[in-house]
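One-letter residues, chain by chain:
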Amino acid sequence: MGTTQLETAPEPKYWHLKTVLSEALDSEFAVGEILPNERELAARFGVARATLRQALEQLELEGRLQRRRGVGTTVAPPRVGVAVDPARHTWPGAPGDDWQAVDAVTSQSVPVAVARLLETAPGESVHIVRRNRVTHDQPVAAELLYIPSSAVPGCSELAAVSATARARAVLHALHAQELEGQDRTVELGSARAEDAKALDRLPGAPVLIVTTRYVAAGRTTAVAVSTYRADTCRLTFGESEAVSLLAG
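Residues numbered from 1 in each chain as written. Predicted model: local features only at pLDDT ≥ 70, side-chain atom pairs only at ≥ 80, totals over all residues. Heavy atoms only, no water.

Asks: Outline unusual backbone geometry, supporting the account with residue identities and numerical values.
Replies: Of note in the backbone geometry, Glu-119 takes a positive phi value of approximately 55° without being a glycine. Residue classification places Glu-119 among the exposed residues on the basis of a relative accessible area of 67%. We note that Asp-200 has phi near 60°; this positive angle belongs to a residue other than glycine. (Buried < 20%, exposed > 50% of the residue type's maximum accessible area, 1.4 Å probe, protein only.)

Asks: Describe the pattern of salt bridges, listing the residues and the values that go with them.
Replies: Scanning the model with the defined rule gives 14 salt bridges in all. The residue Arg-201 makes a salt bridge to Glu-60 at a minimum N-O spacing of 2.7 Å. Pair noted here: Arg-201 is in the loop between helix H6 (193–198) and strand E8 (206–216) and Glu-60 is in helix H3 (residues 49–61), with a separation of 141 residues, a long-range link. Each member of the pair Arg-201 and Glu-60 is classed as buried. Across the pair Arg-130 and Glu-194 runs a salt bridge whose closest N-O atoms are separated by 2.9 Å. Residue Arg-130 is located in strand E5 (residues 126–135), and its partner Glu-194 is located in helix H6; the two are separated by 64 residues in the primary sequence. Put simply, Arg-130, Arg-192, Glu-194 and Asp-195 are held in one network by salt bridges that share partners. (Salt bridge = Lys/Arg side-chain N within 4 Å of Asp/Glu carboxyl O. Helix = DSSP H or I, 4+ residues; strand = E, 2+ residues; numbered from the N terminus.)

Asks: Explain the pairing of E8 to me, using residue names and the numbers behind them.
Replies: Among the 11 residues of E8, 10 are classified as buried, and the element is accordingly described as predominantly covered. Across 10 bridges, the pairing between strand E7 (residues 181–190) and E8 is antiparallel. Across the sheet, the residue bridging to Glu-187 is Ile-209, located in E8. Relative to strand E9 (residues 219–229), E8 runs antiparallel, the two sharing 10 bridges. Following the sheet pairing, Arg-213 is matched in E9 by Val-223. Count of turn residues in the E8/E9 antiparallel hairpin: two residues, of which Ala-217 carries a positive phi of about 55°. (Pairing = 2+ DSSP bridges.)

Asks: Tell me about the packing of aromatic side chains, and please be specific about residues and values.
Replies: Under the counting rule described, the total for this entry stands at three aromatic pairs. Residues Trp-91 and Tyr-214 carry aromatic rings whose centres are separated by 5.8 Å and whose planes lie at 40° to one another, so their mutual orientation is tilted. Placement of the pair is Trp-91 in the loop between strand E3 (80–83) and strand E4 (99–107) and Tyr-214 in strand E8, with a sequence separation of 123 residues. Comparing Trp-91 with Tyr-214, the two get one shared label, buried. (Phe/Tyr/Trp six-rings, centres within 6.5 Å; stacked < 30°, edge-to-face > 60°.)

Dropping the structure here:
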């Protein structure tokens, strides 16, 4: 490949480089193809490696590139549309749910933001159900579902059963209540180590975090924090809306 020097541009150099790299991805590389290493790319475009990394990180955030363990940086396929709003007004784990229950533990320590939504008292026990979501045989999201023990009192003695059975039992107890409403927020974040492992990503990779609050009996009965891959997912809302949230 020849050397391409960047012209002086009013925008930050890494942003201009991102545009040049994006055009190169369209014209020179196929989906799944591995990019040259950073040293080669920096030499080609006449930039410092720090500038190159900024541009690559932005392209990853926009879903154009994927960093894969033991492989390198590859050209990403088009994003997959993933429905966030359920087709029906239902609890997590209801028939037709796309999530797979993995485990459930009981803890007296939950993130401050979650405790605030649940309005739990200090030291109150909370069931934490871990679930994963797979689309086209690829992991696209990992979730932690927080349910106060007081909301599902029959689930206090579940330590002896298997991890998956424990998770299903907590979800089943949740379904016994009448769901009155739900709301959700979406924000951009970075993958925690545990979520990154479940999603086959590197820790710190860009993700979309969907926080859903479920209401029953006039109070917040459960809070789900769902972490979606920002590089492969296009989140859609509503049964037929073509509303999408694109990172970047």
